[in-house]
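# Per-entry structural report
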Number of protein chains: 4
Amino acid sequence: GNPLLLIAGPCVLEGYERSLKIGKQAKEIADKLGLSYVFKASFDKANRSSYKGFRGPGIEEGLEILHKIKDELNVPIISDIHTEEQVAPAAKVLDALQIPAFLCRQTDLLYTAAKSGLPVNVKKGQFLAPKDMQNVVDKLESAGNNNIMLTERGASFGYNNLVVDMRTFPIMRSFGYPVIFDATHSVQLPGGGGTCSAGNREYVEYLTRAAVGAGVDGLFMEVHDNPEEGLSDGPNMVKLDNLEAILKDAIAIHEITKKHF
Amino acid sequence: GNPLLLIAGPCVLEGYERSLKIGKQAKEIADKLGLSYVFKASFDKANRSSYKGFRGPGIEEGLEILHKIKDELNVPIISDIHTEEQVAPAAKVLDALQIPAFLCRQTDLLYTAAKSGLPVNVKKGQFLAPKDMQNVVDKLESAGNNNIMLTERGASFGYNNLVVDMRTFPIMRSFGYPVIFDATHSVQLPGGGGTCSAGNREYVEYLTRAAVGAGVDGLFMEVHDNPEEGLSDGPNMVKLDNLEAILKDAIAIHEITKKHF
Amino acid sequence: GNPLLLIAGPCVLEGYERSLKIGKQAKEIADKLGLSYVFKASFDKANRSSYKGFRGPGIEEGLEILHKIKDELNVPIISDIHTEEQVAPAAKVLDALQIPAFLCRQTDLLYTAAKSGLPVNVKKGQFLAPKDMQNVVDKLESAGNNNIMLTERGASFGYNNLVVDMRTFPIMRSFGYPVIFDATHSVQLPGGGGTCSAGNREYVEYLTRAAVGAGVDGLFMEVHDNPEEGLSDGPNMVKLDNLEAILKDAIAIHEITKKHF
Amino acid sequence: GNPLLLIAGPCVLEGYERSLKIGKQAKEIADKLGLSYVFKASFDKANRSSYKGFRGPGIEEGLEILHKIKDELNVPIISDIHTEEQVAPAAKVLDALQIPAFLCRQTDLLYTAAKSGLPVNVKKGQFLAPKDMQNVVDKLESAGNNNIMLTERGASFGYNNLVVDMRTFPIMRSFGYPVIFDATHSVQLPGGGGTCSAGNREYVEYLTRAAVGAGVDGLFMEVHDNPEEGLSDGPNMVKLDNLEAILKDAIAIHEITKKHF
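To start, this report covers the structure provided alongside it. (Residues numbered from 1 in each chain as written. Chains lettered and ligands numbered in written order. Predicted model: local features only at pLDDT ≥ 70, side-chain atom pairs only at ≥ 80, totals over all residues. Heavy atoms only, no water.)

### Observations concerning the interface of chain D and chain A
Taken together, the contacts link 36 residues of chain D with 36 residues of chain A. Summed over both sides, the interface of chain D with chain A buries roughly 3300 Å², with 48% coming from carbon and sulfur. Ranking the residues of chain D by area buried against chain A places Y51, R105 and Y159 of chain D at the top, with a combined share of 21%. Summed over the shared surface of chain D and chain A, the number is two salt bridges. (Contact = heavy atoms within 4.5 Å. Buried area = accessible area lost by both parts, 1.4 Å probe. Salt bridge = Lys/Arg side-chain N within 4 Å of Asp/Glu carboxyl O.)

### Considerations on empty space enclosed by the protein
Inspection of the entire model under this criterion finds 10 cavities of 30 Å³ or more. S49, N160, P190 and G191 of chain B together with R105, F127, L128, A129, D132, N135 and V136 of chain C together form the lining of the largest cavity. Approximately 60 Å³ is the volume attributed to the second largest cavity. In terms of lining residues, the second largest cavity is bounded by S156, F157 and G158 of chain A, S156, F157 and G158 of chain B, S156, F157 and G158 of chain C together with S156, F157 and G158 of chain D. Grouping the constituent residues of the lining of the second largest cavity by class yields four nonpolar, eight polar and no charged. (1 Å grid on protein atoms, 1.4 Å probe; cavity = no way out; pocket = protein on both sides within 12 Å on 5 of 7 lines; lining within 4 Å. Points joined across faces, edges and corners; volume = space filled by probe spheres on them. Nonpolar A, V, L, I, M, F, W, Y, C, P; charged D, E, K, R; others polar.)

### Quick word on the relation of the copies chain D and chain A
These two copies of the chain differ by a rotation about an axis and a displacement along the same axis. The transformation that overlays chain D on chain A combines an axial shift of 0.0 Å with a rotation of 180°, and the residual RMSD is 0.0 Å. Expressed as a symmetry operation, the mapping of one chain copy onto the other fits a two-fold axis. A high fraction, 100%, of the interface residues of chain D reappear at the interface in chain A, so the copies pair face to face through one surface. (Least-squares fit on C-alpha atoms with pLDDT ≥ 70 in both.)

### Describing the side chain of R209 of chain B
Locating R209 of chain B in the fold gives a position in helix α7 (residues 204-214). In this structure the side chain of R209 of chain B is engaged in a polar contact, spanning 3.4 Å, whose partner is the side chain of H260 of chain A. Leave out the neighbours within four places in its chain, and R209 of chain B touches G213, A214, T257 and H260 of chain A together with D249 and I253 of chain B. (Helix = DSSP H or I, 4+ residues; strand = E, 2+ residues; numbered from the N terminus. Polar contact = N/O pair within 3.5 Å; in protein donor to acceptor, adjacent residues only side chain to side chain.)

### A look at unusual backbone geometry
All names here are of chain C. Positive phi is not limited to glycine here, since N74 has a value of about 55°. Locating N74 in the fold gives a position in the loop between α2 (59-73) and β3 (77-80). The exposure class of N74 is exposed, given its relative accessible area of 66%. (Buried < 20%, exposed > 50% of the residue type's maximum accessible area, 1.4 Å probe, protein only.)

### Examining the environment of N135 of chain C
In this fold, N135 of chain C is placed in helix α5 (residues 133-141). Sequence separation between N135 of chain C and L97 of chain C is 38 residues, and the spatial gap between their C-alpha atoms is 18 Å. Apart from the residues lying within four places of it in its own chain, the contact partners of N135 of chain C are S49, S50, G194 and T195 of chain B. A polar contact of 3.0 Å, which involves the side chain of N135 of chain C, links it to the backbone oxygen of G194 of chain B.

### Overview of the environment of S79 of chain D
Residue and element names in this part refer to chain D. Following the sequence through the fold, S79 ends up in strand β3 (residues 77-80). Judged by its relative accessible area of 0%, S79 falls in the buried class. Separated by 43 residues in sequence, S79 and V122 place their C-alpha atoms 11 Å apart.

### Overview of the nonpolar core
Counting residues in each nonpolar core, the largest one holds 317 residues, and the members touching the most others are M166 of chain A, M166 of chain B, M166 of chain C together with M166 of chain D. With eight residues, the single largest contributor to this core is helix α8 (residues 240-257) of chain C. Leave out the neighbours within four places in its chain, and M166 of chain D touches M166, L207 and A210 of chain C together with L207, A210, A211 and A214 of chain D. (Core = buried A, V, L, I, M, F, W, Y, C linked by side-chain atoms within 4.5 Å.)

### Observations concerning the side chain of H185 of chain B
All names here are of chain B. Tracing the sequence through the fold places H185 in the loop between β9 (179-182) and β10 (188-189). Judged by its relative accessible area of 7%, H185 is buried. In terms of polar contacts, H185 uses its side chain to reach the side chain of D233, at 3.0 Å. When sequence neighbours within four positions are dropped, the list of residues in contact with H185 reads K123, R153, L162, F220, E222, D233 and N236.

### Side note on α5 of chain C
Taken together, the buried positions of α5 of chain C are M133, N135, V136, V137, K139 and L140 of chain C. Close packing links the buried residues of α5 of chain C with α4 (107-115), β5 (120-123), β6 (148-152) and α6 (168-173) of chain C.

### Notes on the environment of L150 of chain A
Residues and elements named next belong to chain A. With respect to the helices, strands and loops of the structure, L150 is situated in strand β6 (residues 148-152). On the basis of relative accessibility, which here comes to 0%, the residue L150 falls in the buried class. Between the alpha carbons of L150 and K115 there is a distance of 17 Å; along the sequence they are 35 residues apart.

### Notes on the interface of chain B and chain C
In this complex, chain B contributes 36 residues to the contact, which on the side of chain C involves 36 residues. Both faces combined, the contact of chain B with chain C buries some 3300 Å², and carbon together with sulfur accounts for 48% of it. The largest per-residue losses of area from chain B upon contact with chain C belong to Y51, R105 and Y159 of chain B, which jointly make up 21% of the total buried on that side. With its nearest N and O atoms 2.6 Å apart, the salt bridge here joins R55 of chain B to D108 of chain C. When residues of the side of chain B that touches chain C are traced back to their parent elements, those giving at least two are α4 (107-115) and α5 (133-141) of chain B. At three residues, the largest contribution of residues to the side of chain B that touches chain C is made by α5 of chain B.

### Overview of helix α3 (residues 84-93) of chain A
Residues Q86, V87, A90 and V93 of chain A constitute the buried set of α3 of chain A. One side of α3 of chain A carries all its buried residues, which in axial view fall inside an arc of 130°. (Arc of directions from axis to C-beta.)

### As for the packing of helix α1 (residues 16-33) of chain B against helix α8 (residues 240-257) of chain B
Residue and element names in this part refer to chain B. Interaxial distance between α1 and α8 falls to 10 Å at its minimum, and their mutual angle equals 30°. The pairing of α1 with α8 is recorded here as roughly parallel in orientation. α8 is crossed by α1, and the crossing has right-handed handedness. For the pair formed by α1 and α8, the contact residues are I22, Q25, A26, I29, K32 and L33 on the first element and L240, D241, L243, E244, L247, K248 and I251 on the second. Taken together, the residues of the contact of α1 with α8 break down into eight nonpolar, one polar and four charged. (Axes fitted to C-alpha atoms, helices over the stretch in contact; angles between N-to-C directions. Parallel < 35°, antiparallel > 145°, perpendicular 65-115°, else oblique. Left-handed = near helix turned anticlockwise from the far one by under 90°.)

### Considerations on the pairing of strand β12 (residues 218-224) of chain B
All names here are of chain B. Counted residue by residue, β12 has seven buried out of seven residues, so it is predominantly covered. Side chains G218, F220, E222 and H224 project from β12 onto one buried face, and the interleaved L219, M221 and V223 project onto a second face that is buried too. Pairing analysis gives five bridges linking strand β1 (residues 5-9) to β12, with the strands arranged parallel. Opposite G9, over in β12, you have E222 as the bridge partner. Examined bridge by bridge, β9 and β12 share three bridges and lie parallel to one another. Note on β12: the bridge partner recorded for D182 is F220. (Pairing = 2+ DSSP bridges.)

### Considering the pattern of salt bridges
All names here are of chain D. Under the defined criterion, the tally for this structure stands at 84 salt bridges over all chains. A salt bridge links R55 to D44; the shortest N-O distance between them is 2.8 Å. Remark: D44 occurs in the loop between β2 (36-40) and α2 (59-73) and R55 occurs in the loop between β2 and α2; sequence separation between them is 11 residues. On the basis of relative accessible area, D44 is assigned to the buried category, the value being 11%. In this structure, the salt-bridge partner of R201 is E228, at a minimum N-O distance of 3.4 Å.

### So, the packing of aromatic side chains
Here the structure, examined in full by the defined rule, presents 16 aromatic pairs over all chains. Geometrically, the ring pair formed by F157 of chain B and Y159 of chain D is edge-to-face, given 4.8 Å between the ring centres and 85° between the ring planes. Placement of the pair is F157 of chain B in the loop between β7 (155-156) and β8 (162-163) and Y159 of chain D in the loop between β7 (155-156) and β8 (162-163), with the two residues belonging to separate chains. You can call F157 of chain B buried: its relative accessible area is 3%. Classification of Y159 of chain D by relative accessible area gives buried; the value is 18%. Three or more aromatic residues joined by ring pairs form one cluster here, namely F102 and F127 of chain A together with F102 and F127 of chain D. One Lys or Arg, R173 of chain B, reaches over the ring of F261 of chain B and ends 3.5 Å from the middle of that ring. (Phe/Tyr/Trp six-rings, centres within 6.5 Å; stacked < 30°, edge-to-face > 60°. Lys NZ or Arg CZ within 6 Å of the ring centre and 35° of its normal.)

Structural data, given as structure tokens:
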């Protein structure tokens, strides 16, 4: 029965000042509620719907910003990597590596990330059955890494829609590792905006409470002080003003479900 | 913030004695936990996978058994109807009418059921988007009936599998009527047993907690003292011995979510 | 290697004159191309999205109109039935009975229809795996009827969308009965129009050629001289002016595939 | 109205001798039938279900083998690349680059591949709506490359199953580039074998005829002289002995459909 882990931050780094501001607010809320907090932001959105979408500062500048945020906030940092080459520089700054959903079956990326010795959080592909994440776990374990997290972010449900199958949580937990619910990508409507993904922020609170009811070890949320201004995933990021209320319910439900863990 | 409603009983009537025994146990648990209880059993399984599947006692004998159970347990009774002709005799005995999922768009059946003046509980078809239940509601309201319940029992997800989309609950609640989660049909694997449906009873507790976390007004569960012996839906009915524990968690989570109602 | 069967007509009977006109044109095209032709129109649309949708003339007047069309055009007639009670009157006029997709698992309806001795065409439910139509076939055979047709009209694919899985045709053909492709309902977007179903008529020709490529025994198409004016399913009915060209390609492809039958 | 393109070969390079043998046979069949032929084999299977799955000879040895096959058979060669680094060495040997489905939204990989100036064939992700391939096309065109092919290989349909939506072909053709049907990956059952993907080779012929009926510019097939011995994708590769018959039907149907192009 550990407290919930909270992984939160802006979808993509939007400069040091704004990213710090968002992280600071998220940390304050996590501290107040007694949650472990990890700051998350991407330095590069490598698979935007459109090539015109904002991609972020890139790995070099991005890792610098993340380093400064880490020092300033004194919190662990996670970010997503997309190539084997990114593992080494990222591992110098980050406290955990994240594998994007589309890349969750790329054997070399998984293996190289696992070899870093850092905790690795893998997002389940939208195209993957929950039980098939066992193969992903095996790939990571084969590199001698047992510090694994598995994240659900929705499964393909027809076109331009995702569904969160709550059976996913007990199935993935049965592999022996913590399971995270990515509440904001799960409400994406992929490609729903033509050249970008649309989303339904209003369902975040419902899906969060449901997932914690099913039983998770942590929550992943992209947050922003003003999501309408967000440079990526605006339609599904949670407004920081709403974060505390959502988490309070989640914590209360987690108190009920965690006895089953 | 009403207490959760519990609709429970064996899938199909299995004779007066056994059905009564199951209903009695379910009522005792509901009473103990402070839940409103409605007994449910089908007198006819009109759409079994195979024509060889057990169908129940039929409407005449079935309504007699239900009447006796109602008198003996002093609880309201709900059962499903399949034709307009069944509405009148059923309405003499039952306290609420239920429309099966496959029939949820049959205009005349909905209208005739609504005209009875009894509460009508409609199961959302596996083929229907949550928002499209508004049209079902309109059909019932057009008959002057505003005593409506809407039940989620899973949506088609590929072949021989269902998924419960937790967005369904807030969407259907927005129509202004109580929303029920059918926890046992939602874990069916339709046709998964060749000439019958398979099921995964082990997920009932997870989906129940998740649905209550998302926010529902009631739970529907098929229960049995010995599901392995059940004459219909054995693989997904809940063992009565496990019912109290599942409901306790549900009630505790409902306490947290019901403030949003 | 029989020629393709063509089942075609307006979605719903729109009065004798217009229905006859449509049937006459369809028959002329079928005759010209050497296809067996069956006239189809519904006397009642029993499951419209909205209760305000046009339902047709009803069974009594509808069967009269169908009888007159049958006499006038000298073609066999098929129409869909929704209750056991409709079987007897319908069987006096119709040459074949059709079971709607939502009702494809209603045991009594299937049995009663089969007992009529008429050929029975069952549309596969949007929620059903192709292999599970074997159970439907068993139900019909149990009534001593071996004059069966099975029709594909799309499977649920997320919300408000259908997909035609071309594996359906060889799977259903393996049961030993003719298999029909319903080209116009397969392009429906169920509920896509809010209070009615939207549709994509422009894909009819592609799906028809594909289905015939996979291998079918017949085609089902709702046709209209002016689909925009159609009282039901306008968005997916085929304009009669386009029917011949679509069928010509279908016949040419059928010549290639039928050697596998 | 061009003749169909045939992209075929073993799923993964299985040594020079066997790969050559397979390519030679495929070429002979293509020549006999008047099809343009491109040899395809992977040098690395970078996303096998399990890390124990055979991955192939790697890029260095793999490109050597491909070079020798190209010289020996005098045919163009296509192979899939997984990282930007692979583009330059691959472009020295290959005649076209292929982007795997899971990687179809990786902007840098697409851009770098397109910058090579070689034709680029992108497989549509199992998680992508057909219309969203327009964004993929835009990414390639932004690199100044207009030599593009788009390949359908099935869309996620529940868990461990794919469905080929035949509407995909006209939708993707509307972008102005040739569209290919990958007939063998489309019959995969992803993860269906636990630590590997299962498949249904028997549906290849049906789906091929259907896709050509809908309208495609080419076919992609993994072929093998003895698929049971294949080191990857055995359950869905086509036996070379059956290739000619499948292609003959495809060509005949293409003759009918290509007039619409």
